[in-house]
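Structural description and commentary
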Amino acid sequence: MASVRAPGPKVPDCVTKVSLTISCEDLLDMDAFSKSDPLCVLFTNTSGSHWMEIGRTEKIQNCLSPRFSQNLVLDYYFETVQKLRFEVYDIDSERCSLEEADFLGQMECTLGQIVSSRTFTRRLVRRDQRPAGNGSITICAEERNDNRMVIFEVSARKLDKKDFFGKSDPFLEFFKQTETGWQLAHRTEVVKSNLNPTWRPFRIPLQALCGGDVEKPIKVDCYDHNNSGSHDFIGSFQTSLSQIQQAAQSYAAEFDCINNSKKQRKRGYKNSGIIIIKQVKVVRDYTFLDYIMGGCQINFTIAIDFTGSNGDPRLPTSLHYINPQGYNEYLAAIWAVGAVVQDYDSDKMFPAFGFGAQVPPTWQVSHEFPLNFQPSDPFCAGVEGVLAAYQQCLPQVKLYGPTNFSPIINHVAQFARQALEQPAASQYFVLLIITDGVITDMDQTRSAIVNASRLPMSIIIVGVGGADFSAMEFLDGDDGTLRSAVGEAAMRDIVQFVPFRQFQNAGAAALAQSVLAELPDQVASFFNLFDLKPPRDLHPTSDTPRDPHPV
């Protein structure tokens, strides 16, 4: 596998990270029988009229004044005007597609405006700049100068039963105390029908939780989730990270979940359940550059679609037809992404495969054949080698089908699974699939992606042509959790889909930037989730928060 190393250009010693917390008020209600299900998407303007998505919040169900718990973190450059656009959508489809969503309003500003205001509120407007009802958006900015994370393992027992025909569906919200009140820092997932729930382990940035001050108050609210969006309050408690750490040293930190209104009217009231923090651990949150410069290798594999739906390569209507100028969309996509990737590679050797074609000498359909027809040595020398192998392979195979993604995904996953056995974050694997968008093994592909989500692996899909890419957008889990055919959820979002034709006029650099935008966070978040350090820690520091008020 080709390995990515630290890039040649000098990396700045310090990049200022800014964390944005987003909330909205009085959004338009687009649903006839319920409230809107809002989600906020952040775009940046890098050149001219081209806007590129750089992040999005979670979806909040049935809510016209949402508080999003998913913070958006981006680099801040004082000397640069960084144009931002926040777009709010009502998500209606199961696939959470923006194309199928109702647009609720937008707001454009610069990152400098937000940073200078700390709390920045503006009215939302429609595409034609008319007011979007009474809707407004508020952005709270905070410099992310502390890279430590707090890992929680939390459960509860004997929570109040809030549902008439069943048990409660509890979730927790963690808040940091600020000068203007309590600010949402994290929202857990909902545990269905359980009065003694155990939530999946989760991470909260130390700065978002308590500003790095272990004595600062933390508030935790517990709710019973309702599909209507009107969640039932179960109870609340306040503590500090210091108290939690001290209590957890012996066994577990336990807190009474108190509902004050219930306490006032019910004699003998004790609590509405017990919240149990079984483990709390402060760890360093390593960055993508920490891993790359610390010796982690990123291995890229390229897979090209040779199925019959692309059309006969001898005809100009085919996506594989190479015109007299030596161009087709496959060649352009390979070059745009490969030209960036090879700068990070030490030996510039890339394994490249095809799928969905009949190959010599047996003329059997293969779903993972090497472009150079050398199974024991599928590597190509640089992006030029991949392009040459593709052009030499094309007239030697017969485009056929079906279009199966799962074999090549499982192939790369084997190597990723082996790498996970290493004690440090030594290797990460990236599969680049270039396809015309038609897929026939969707159930198997979903299962393969769900399994790969637990491995050091990401999948980038570039769609060429003008086909219906709804299947690719479904696999890209930006707006919701991808599940296998049997309902098993992906542990994380590892698929990035980009339609090639959206970038034809923007240029190869814009395509590559969009394709690779999510990769650094996917790499860093995976290794941090498993508490895997770089092979070489270039900045060793203590993980213990400093008590600003020592005795």
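In case you missed it, the structure is sitting above this.
Below or above, wherever it landed, is the structure these notes cover.

Conventions used here
Residues numbered from 1 in each chain as written. Predicted model: local features only at pLDDT ≥ 70, side-chain atom pairs only at ≥ 80, totals over all residues. Heavy atoms only, no water. Helix = DSSP H or I, 4+ residues; strand = E, 2+ residues; numbered from the N terminus. Rg over C-alpha atoms; globule rule 2.2 N^0.38 Å. Buried < 20%, exposed > 50% of the residue type's maximum accessible area, 1.4 Å probe, protein only. Contact = heavy atoms within 4.5 Å. Areas by Shrake-Rupley, 256 points an atom, 1.4 Å probe, with all protein chains shown as cover. Lys, Arg positive; Asp, Glu negative; His and termini not counted. Charge placed at Lys NZ, Arg CZ, Asp CG, Glu CD. Polar contact = N/O pair within 3.5 Å; in protein donor to acceptor, adjacent residues only side chain to side chain. Salt bridge = Lys/Arg side-chain N within 4 Å of Asp/Glu carboxyl O. Pairing = 2+ DSSP bridges. Axes fitted to C-alpha atoms, helices over the stretch in contact; angles between N-to-C directions. Parallel < 35°, antiparallel > 145°, perpendicular 65-115°, else oblique. Left-handed = near helix turned anticlockwise from the far one by under 90°. Nonpolar A, V, L, I, M, F, W, Y, C, P; charged D, E, K, R; others polar. Patch = residues over 30% accessible without salt bridge, like charges linked within 9 Å, V, L, I, M, F, W, Y side chains within 5 Å. Expected span 1.5 Å × (residues − 1).

The next thing to look at is the overall build of the protein chain. Within the protein chain, the secondary structure is distributed over 12 helices and 27 strands. Computed over its C-alpha atoms, the radius of gyration of the protein chain comes to 25 Å, within 12% of the 24 Å expected for a compact globule of 551 residues. Along the first, second and third principal axes, the C-alpha set of the protein chain runs to 85 × 55 × 55 Å. The buried share of the protein chain, taken over its 551 residues, is 53%. At a minimum sequence separation of 6, the contacts of the protein chain that also span at least 24 residues come to 71%. Accessible surface, the protein chain as shown: approximately 25400 Å² in total, 49% of it carbon and sulfur. With 51 positive and 64 negative side-chain charges, the protein chain shows a spacing of 7 Å between the two charge centroids.

Before going further, it helps to examine the side chain of glutamine 82. Mapping glutamine 82 onto the fold places it in the loop between strand S5 (72-76) and strand S6 (83-90). When its relative accessible area of 13% is taken as the criterion, glutamine 82 is described as buried. Polar contacts involving the side chain of glutamine 82 include one to the main-chain amide nitrogen of tyrosine 77, which spans 2.8 Å. If we skip the residues at most four places from it in the chain, glutamine 82 touches Asp75, Tyr76, Tyr77, Cys109, Thr110 and Leu111.

What follows deals with the environment of lysine 158. Of note, lysine 158 is situated in the loop between strand S10 (148-157) and strand S11 (170-178). Its relative accessible area of 66% is what places lysine 158 among the exposed residues. Separated by 71 residues in the primary sequence, lysine 158 and glycine 229 have C-alpha atoms spaced 23 Å apart. Sequence-distant contacts of lysine 158, that is, excluding residues within four places in its chain, are made with Leu195, Asn196, Ser272 and Gly273.

Within the structure shown, the criterion is met by 21 salt bridges. Residue aspartate 160 pairs with lysine 262 through a salt bridge whose shortest N-O separation is 2.8 Å. Separated by 102 residues along the polypeptide, aspartate 160 in the loop between S10 and S11 and lysine 262 in helix H4 (residues 260-265) bring together distant segments of the chain. Ionic pairing is found between glutamate 488 and arginine 454, a salt bridge with its closest N-O pair at 3.0 Å. Remark: arginine 454 occurs in the loop between helix H9 (442-452) and strand S26 (457-463) and glutamate 488 occurs in the loop between helix H10 (470-475) and strand S27 (495-499); sequence separation between them is 34 residues.

Pairing in this open sheet of four strands is antiparallel, and the strands run S12-S11-S14-S15 from one edge to the other. With partners counted over all chains shown, the strands left at the sheet margins are strand S12 (181-187) and strand S15 (232-240), one partner each. This sheet shows a mean twist of 30 degrees between the axes of neighbouring strands, independent of strand direction. Here S11 pairs with strand S14 (residues 217-224) via seven bridges, running antiparallel. What sits directly across from proline 170, in S14, is aspartate 224. Its contacts with the sheet put helix H3 (residues 241-248) on S14 and S15, and the angle it makes with S15 is roughly 85 degrees.

Running from N to C, helix H6 (residues 329-341) and helix H11 (residues 508-515) cross one another at 65 degrees; their axes reach a closest spacing of 9 Å. In terms of axis orientation, H6 runs roughly perpendicular to H11. Every pair of crossing elements has a handedness; the one defined by H6 and H11 is right-handed. Within the contact between the two elements, H6 uses Ala333, Ala336, Val337 and Val340 and H11 uses Ala508, Leu511, Ala512 and Val515. Among the residues forming the contact of H6 with H11, the class breakdown is eight nonpolar, no polar and no charged.

Turning our eyes to something else, we now look at the pairing of strand S8 (residues 119-125). Taken together, the six bridges between S8 and strand S9 (residues 131-143) define a ladder with antiparallel strand orientation. Across the sheet, arginine 123 pairs through a bridge with serine 136, a residue of S9. The hairpin turn running from S8 into S9, its antiparallel successor, is five residues long, and glutamine 129 in that turn takes a positive phi close to 75 degrees.

Moving on, we get to the side chain of serine 36. As for its placement among the helices and strands, serine 36 is situated in the loop between strand S2 (16-25) and strand S3 (38-47). Residue classification places serine 36 among the buried residues on the basis of a relative accessible area of 0%. At 3.0 Å, the side chain of serine 36 forms a polar contact with the backbone nitrogen of methionine 30. When sequence neighbours within four positions are dropped, the list of residues in contact with serine 36 reads Leu28, Asp29, Met30, Asp31, Ile60, Gln61, Asn62, Cys63, Leu64, Asp90 and Leu104.

In this section: a nonpolar patch on the surface. A cluster of nonpolar residues, Leu289, Met293 and Leu538, forms a patch on the protein surface that exposes about 230 Å² of accessible area. With respect to the helices and strands, the residue methionine 293 is situated in helix H5 (residues 288-293). For methionine 293, a relative accessible area of 35% gives the class partly exposed.

With 12 residues, helix H7 (residues 382-393) extends 17 Å from end C-alpha to end C-alpha; this agrees with the ideal 16 Å at 1.5 Å per step. Residues of H7 that are buried: Gly382, Val383, Gly385, Val386, Leu387, Ala389, Tyr390 and Cys393. Buried positions along H7 lie against strand S18 (297-305), H6, strand S19 (349-355), strand S22 (369-370) and strand S23 (379-381).

Along the chain, threonine 110 turns up in strand S7 (residues 102-110). As for threonine 110 and phenylalanine 415, which are separated by 305 residues in sequence, their C-alpha atoms are 43 Å apart. Excluding anything up to four places from it in sequence, threonine 110 contacts Val81, Gln82, Lys83 and Leu84.

Moving on, we get to the pairing of S18. Counted residue by residue, S18 has eight buried out of nine residues, so it is predominantly covered. The pairing of S18 with S19 spans four bridges and is classified as parallel. Among the inter-strand pairings, isoleucine 304 is bridged to a residue of S19, identified as glycine 354.

Moving on: H6. Counted at 1.5 Å a residue, the expected span for H6 with its 13 residues is 18 Å, and the 18 Å between its end C-alpha atoms agrees. Across the 13 residues of H6, 10 count as buried, placing the element largely inside the fold. Among the residues of H6, those classed as buried are Glu329, Tyr330, Leu331, Ala332, Ala333, Ile334, Ala336, Val337, Gly338 and Val341. Here the buried face of H6 lies against S18, S19, H7, strand S25 (427-435), S26 and H11. The residue sitting at the N-terminus of H6 and contributing the capping side-chain oxygen is asparagine 328; that oxygen lies 3.0 Å from the backbone nitrogen of tyrosine 330.

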